Amino acid sequence: MTKILTGGVGKVEVTEAIGKLGIDSLDVVASSDMDAAMKLRVGQADYYLGTCHTGAGASLGVLVGLMGSAACHTFGRSVPTEEKVAELLADGKKVFGFSMDQIDVIAPLMARAIAARG
């Protein structure tokens, strides 16, 4: 089971969007950024999806500080391709940020890509 923690202002919406996909191999839980960082660091979670209004700083600020920039990526307000997401996951990224107005597109894209790696 792959555990995804969600955070930021749209954490409930991200959790619901992924839950609606019905991917049995994913456990998605709304979290705080501090709790997520601690769980990621000790292996109690696999990925973090954070949201804010711009998808830039606030969605990942604490995680970048505690996990390091090498583990993090922000899409900002852009929508990535499936290939880009697969590339980022293959490169070891575990923490992703995006804007609230992209939840309906990016959350399912991320969930499917993460599940495909499982």
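Everything numeric here is computed off the predicted structure, so don't read it as measured data.

Rules and cut-offs
Residues numbered from 1 in each chain as written. Predicted model: local features only at pLDDT ≥ 70, side-chain atom pairs only at ≥ 80, totals over all residues. Heavy atoms only, no water. Buried < 20%, exposed > 50% of the residue type's maximum accessible area, 1.4 Å probe, protein only. Helix = DSSP H or I, 4+ residues; strand = E, 2+ residues; numbered from the N terminus. Arc of directions from axis to C-beta. Contact = heavy atoms within 4.5 Å. Axes fitted to C-alpha atoms, helices over the stretch in contact; angles between N-to-C directions. Parallel < 35°, antiparallel > 145°, perpendicular 65-115°, else oblique. Left-handed = near helix turned anticlockwise from the far one by under 90°. Salt bridge = Lys/Arg side-chain N within 4 Å of Asp/Glu carboxyl O.

Colleague: A description of helix H1 (residues 11–19) should follow, citing residues and the corresponding values.
Modeller: All of the buried residues along H1 are Val14, Thr15, Ala17 and Ile18. The buried residues of H1 occupy an angular sector of 165 degrees when projected down its axis, which confines them to one face. Among the structural elements, strand E1 (2–8), strand E2 (26–30), strand E3 (47–52), strand E5 (95–99) and helix H5 (103–117) are those in contact with the buried residues of H1.

Colleague: Go over the packing of helix H4 (residues 82–90) against H5, please, and point to the residues and values.
Modeller: Where H4 contacts H5, the axes come no closer than 10 Å and their chain directions differ by 50 degrees. Put simply, H4 runs oblique to H5. Our pair here, H4 against H5, has a crossing hand that is right-handed. Across from Glu82, Val85, Leu89 and Ala90 in H4, the residues of H5 making contact are Leu109, Met110, Ala113, Ile114 and Arg117.

Colleague: I'd like a description of the pattern of salt bridges, backed by residues and values.
Modeller: Per the counting criterion, the structure on display carries three salt bridges. The partner of Lys39 in a salt bridge is Asp35, and the shortest N-O contact between them spans 3.3 Å. Linking Lys39 with Asp35, this pair stays in helix H2 (residues 33–41), spanning four residues, or about one helical turn. Judged by its relative accessible area of 23%, Lys39 falls in the partly exposed class. For Asp101, the salt bridge is made with Arg77, and the minimal N-O distance between the two is 2.7 Å. Here the residue Asp101 occupies a position in the loop between E5 and H5, and Arg77 occupies one in the loop between strand E4 (72–74) and H4, the gap between them amounting to 24 residues. Owing to a relative accessible area of 48%, Asp101 belongs among the partly exposed residues under this scheme.

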